[in-house]
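Residue-level listing of the chains:
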Protein chains: 2
Amino acid sequence: MKTYKELSKEELEALKKDLSAQYEDVKGKGLKLNMARGLPSAEQLDMEADFFNTLNPQSVFKSEAGIDCRNYGELIGIAEARKLMGDMMEVDPDNIIVFGNSSLNIMYDTVCRSVVHGVCGSTPWCKLDKVKFLCPVPGYDRHFAITEQFGIEMINIPMKADGPDMDLVEQYVNNDAAVKGIWCVPKYSNPQGITYSEEVCKRMAALKPAAEDFRIFWDNAYTIHHLYDDKQDNLPEIMNLCAQAGNPDMVYKFCSTSKVTFPGSGVAAMAASTKNIEFIKKIITIQTIGHDKLNQLRHVRYFGSFDGMVQHMKKHAAILRPKFELVLSELEKELGGLGIGEWTKPIGGYFVSFQAMEGCAKEIVAKCKDLGVTLTGAGATYPYKKDPMDSNIRIAPTFPPIDELAEALKVFVLAVKLTSVEKLLA
Amino acid sequence: MKTYKELSKEELEALKKDLSAQYEDVKGKGLKLNMARGLPSAEQLDMEADFFNTLNPQSVFKSEAGIDCRNYGELIGIAEARKLMGDMMEVDPDNIIVFGNSSLNIMYDTVCRSVVHGVCGSTPWCKLDKVKFLCPVPGYDRHFAITEQFGIEMINIPMKADGPDMDLVEQYVNNDAAVKGIWCVPKYSNPQGITYSEEVCKRMAALKPAAEDFRIFWDNAYTIHHLYDDKQDNLPEIMNLCAQAGNPDMVYKFCSTSKVTFPGSGVAAMAASTKNIEFIKKIITIQTIGHDKLNQLRHVRYFGSFDGMVQHMKKHAAILRPKFELVLSELEKELGGLGIGEWTKPIGGYFVSFQAMEGCAKEIVAKCKDLGVTLTGAGATYPYKKDPMDSNIRIAPTFPPIDELAEALKVFVLAVKLTSVEKLLA
């Protein structure tokens, strides 16, 4: 089989004619499919049918410590919820704060707090001329949106097969005191599904930041979101590594049950060193009296323990696995060997990352949209929505039912082919 | 009957001896009672027994618009929740954003947003040398704690019988561009139970602020929290008044169901002009993907409509009314005519405000504590916790069962008497 680049102009023209005809056919169907965001599917949400019975009989609203979870209080979460999230995050419950329904909100507030109040006594970032964050790319668009909103300068750090380019990370963090943070999705990363290697984690923990208020924002969103029982990535526990390296306060960990129970109605938590936690508590005690303890109680009752959560994730995997396998088999079947795209083959998380020929991503997404398939906007996986190569596309296969996903993928590969041919002919 | 001030030194000494003996008696009992905060009682929380059945059968997770409330999205809340909260707040649903479980959190974030991002395009407050807030006193301690945390200078505005001293408010707001806000609990105020008169509301709406980014923070926490069916305060709708006065963007309203359903597991909302709402949406869309829609749905299903909420509040009133009546009758019986204290007689809300002789509040609270009764800290109702007269004490009668409340009140009046005698003898 020839790659597209090996085709003659005439062969490309013929191919273009054929693909364009297919394009018009599909367009005529008036599809309306969505692969834009990493939403769980209805089938996944349906699994939690018993969830709302965990607070029946209604008399049982007391926490293990005898706290009436319907009333005010418990700023950092009830003890058993901190235990559950601590087990999930591999951190002692004393170093856990359970918040509301969104880890994104915790991260936003954590950046905001640093901007207004500083970090454990450091100068508030709003008083500094310049604050910079390192952004492994491609990465999570909502992370980049946070730092952009606060006027923080974002610096692209290329992702390698085992995590961010650590030479570059060390160079920036250890020499530039304006670098205050790095966004990390260390396990089954968004969008590539890459898990940071032990070496990367150790180098991360051993950073010697020029800024005392530098923090690693360790968003372990997919920590137990495996697709397989027998093939799973392992991620070293970063707080331990940091402590061992003499940097006990350098990392914040974030996690939630948004893709364990319900997006929007899960519980989210943060883990950090005692020094960090004490500082954060002093600030947030003015922000709220406490988060939704009944929802914390529901989670504890529903799962019983972290092991219950792990078992539960196997049911999610059973729904998601065929979708990911369909994506990979379809891409391989339709695009394998053509030299017009590469893609990741994750064994967990919520995304597949597709690398098109340079300068093609926007056009592919536009063509898909024209054909009724919504993808994450091209560029979204980069700070300022600027993919310097215009190449990366995030595929989010989780939400559509599998037959719709199959249809959407057909549209996608068609758009990739036609765009690539047009590019080669241009 | 003589007031304490009319007693001779010998009479006071005899009284002191008698009261001190009572004091030692009570101390021997080892009481442990709490009237510190405005918590609903267990009896109130028990009323909501059916609340958690509103999402059974489990298949019914769809909003009226067909949105699966278990999944991500709906930043500003589902339509029917905005309708419910809009009815509660007397504002069009288009001008409502439903947030998470805490109106305090909304207020905090609203101040924080102004500090970091400004107000509808104005200079962020963190870039200004000085920002000031007006604080009607006595007032809500958690309001003052927010402005204190952001380094905002707080200015005491005395409360009169019909609301804040508007001469003073006008003088500050209309002449000092550093004055950016005023904290208001306009109905059944915390702690006095005062409802702002129509004249006060109209003067408030007709302010001519020197600062374009001045906003009224209208925390209508007790809007439907009446104690009686036949005696209820009415509060004019402030957004309308502001619009009529040519100040459509000058007010933010806040409200929640914390004391309608559950503190910590209610829903909270904000109302504002379209211009304000659009600006706020632009900021918060980066902060979160959305709040807990299942809890919004629970509220809508449980109450059916705003009328259902109003009916429900009568059940709260039935529990709270005897407690307030006990407070007032006990104060009257024990302290009436003695000239050593005055108190408010609210017909709604969560508090009674007690004004002791000057310089006595701290000592009364300390004595109560010594006898096992926890009150809100003296001074808490003033910015920086500094009551210039050391006189105001907030009584929070809602939480204790009525027999414990009776016991706590006996301790309170004893402490008031003894402290007053000691003061007069000093």
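Please refer to the structure placed before this passage.
Worth saying up front: this structure is predicted, and the values here are computed from it rather than measured.

Novice: Please clarify how the overall build of chain A should be interpreted in this entry.
Specialist: Within chain A, the regular secondary structure consists of 13 helices and 13 strands. Whereas a compact globule of 426 residues would reach a radius of gyration of roughly 22 Å, chain A reaches 23 Å, a difference of no more than 12%. Taking the principal axes of the C-alpha coordinates as reference, chain A spans close to 75 × 55 × 35 Å. Carbon and sulfur atoms form 50% of the exposed surface of chain A, whose accessible area is close to 15800 Å². Counting 49 positive and 56 negative side-chain charges, chain A places the centres of these two groups 3 Å from one another.

Novice: Is there a simple way to think about the interface of chain B and chain A in this case?
Specialist: When the parts of a complex come together, some accessible area is lost, and that lost area is often used as the size of the interface. Residue-level contacts link 57 residues of chain B with 57 residues of chain A. Between chain B and chain A, a total of about 4500 Å² is buried, with carbon and sulfur atoms accounting for 52% of that surface. On the surface where chain B and chain A come into contact, there are zero salt bridges. The tally of links from chain B across to chain A stands at 16 residue pairs in polar contact (both at pLDDT 80 or more).

Novice: Whenever I open this one, the nonpolar core confuses me. Can you help?
Specialist: Proteins that are soluble and globular tend to have nonpolar side chains buried together. Judged by nonpolar contacts, the single largest core of 187 residues is most densely connected at Leu331(A), Phe354(A), Phe412(A), Leu331(B), Phe354(B) and Phe412(B). Here Phe412(A) is in contact with Leu331(A), Phe354(A), Ile364(A), Cys368(A), Leu375(A), Ile393(A) and Ile395(A), once residues within four sequence places are set aside.

Novice: Any chance you could explain helix 11 (residues 306–335) of chain B here in plain terms?
Specialist: Side chains that are three or four residues apart share a direction in an α-helix, a result of its 3.6 residues per turn. Compared with an ideal rise of 1.5 Å per residue, which puts 30 residues at 44 Å, helix 11 of chain B spans 41 Å between its outermost C-alpha atoms and is within 8% of the ideal. The sharpest bend along helix 11 of chain B measures roughly 35° and falls at Leu320(B), with the proline Pro322(B) sitting one to four residues further on.

Novice: Can you help me understand the packing of aromatic side chains in this one?
Specialist: Any two aromatic rings considered together are summarised by their centre-to-centre distance and by the angle between their planes. Residue and element names in this part refer to chain B. Under the definition given, this model contains 26 aromatic pairs over all chains. Between Phe133 and Trp183, the aromatic rings sit 5.6 Å apart at their centres with planes inclined by 50°, giving tilted as the arrangement. Residue Phe133 is found in strand 3 (residues 132–137), and its partner Trp183 is found in strand 6 (residues 179–184); the two are separated by 50 residues along the sequence. Consider the rings of Phe354 and Phe412, whose centres lie 5.1 Å apart with planes at 85°: the pair is edge-to-face.

Novice: Would you mind going over the pattern of salt bridges with me for this structure?
Specialist: Charged atoms that come close allow side chains of opposite charge to pair. What the rule picks out here adds up to 40 salt bridges over all chains. The closest approach of N and O atoms between Lys180(A) and Asp213(A), which form a salt bridge, is 2.8 Å. Remark: Asp213(A) occurs in the loop between helix 7 (198–205) and strand 7 (215–219) and Lys180(A) occurs in strand 6 (residues 179–184); sequence separation between them is 33 residues. Each member of the pair Lys180(A) and Asp213(A) is classed as buried. Close ionic contact of Lys27(B) with Asp370(B) constitutes a salt bridge, the shortest N to O distance being 3.1 Å. On the criterion of sequence distance, the pair formed by Lys27(B) in helix 1 (residues 9–28) and Asp370(B) in helix 12 (residues 361–370) is long-range, its members being 343 residues apart. You can call Asp370(B) partly exposed: its relative accessible area is 37%. Overlapping salt bridges bring together Asp167(A), Glu170(A), Glu199(A) and Arg203(A) as one network.

Rules used throughout
- The written sequence of each chain sets the order in which its residues are numbered from 1.
- Chains and ligands are labelled by the order in which they are written, letters from A for the one and numbers from 1 for the other.
- Per-residue local features are limited, in this predicted model, to residues with pLDDT of at least 70; the limit for side-chain atom pairs, both in listing and counting, is 80 or more; totals at the level of whole chains, interfaces and linings are taken over all residues.
- As a rule here, side-chain values come from all non-hydrogen atoms in the structure, and water together with hydrogens is ignored.
- Comment: elements are numbered from the N terminus, with helices defined as DSSP H or I runs of at least four residues and strands as E runs of at least two.
- Atoms counted for the radius of gyration: C-alpha only. Globule rule: 2.2 Å times the number of residues to the power 0.38.
- In short, Shrake-Rupley with a 1.4 Å probe defines the accessible areas, and a residue's cover is counted only from the protein chains shown.
- Within this scheme the basic residues Lys and Arg register as positive and the acidic residues Asp and Glu register as negative, but His and the chain ends are omitted.
- The atom standing in for a charge is NZ when the residue is Lys, CZ when it is Arg, CG when it is Asp and CD when it is Glu.
- Contacts are assigned to residue pairs with any non-hydrogen atoms lying within 4.5 Å of each other.
- The term buried area means the drop in 1.4 Å probe accessible area that two parts suffer when joined, counted for both and summed.
- By definition here, a salt bridge exists when the distance from a side-chain nitrogen of Lys or Arg to a carboxyl oxygen of Asp or Glu is within 4 Å.
- Between N or O atoms, a polar contact is any pair within 3.5 Å; within protein, one atom must be a potential hydrogen donor and the other a potential acceptor, and residues adjacent in sequence are included only when both atoms are from side chains.
- In these notes, a set of buried Ala, Val, Leu, Ile, Met, Phe, Trp, Tyr and Cys residues joined through side-chain atoms within 4.5 Å is what counts as a nonpolar core.
- We call a residue buried when its accessible area falls under 20% of the maximum for its residue type, exposed when it is over 50%, and partly exposed in between, using a 1.4 Å probe and counting protein chains only.
- Multiply 1.5 Å by the residue count of a helix minus one, and that product is the helix's expected span.
- Each residue is assigned a bend, namely the angle between axes fitted to the seven residues that terminate at it and the seven residues that start at it.
- Each Phe, Tyr or Trp ring, with Trp reduced to its six-membered ring, pairs with another whose centre is within 6.5 Å; inter-plane angles below 30 degrees give stacked pairs, above 60 give edge-to-face pairs, and intermediate values give tilted ones.

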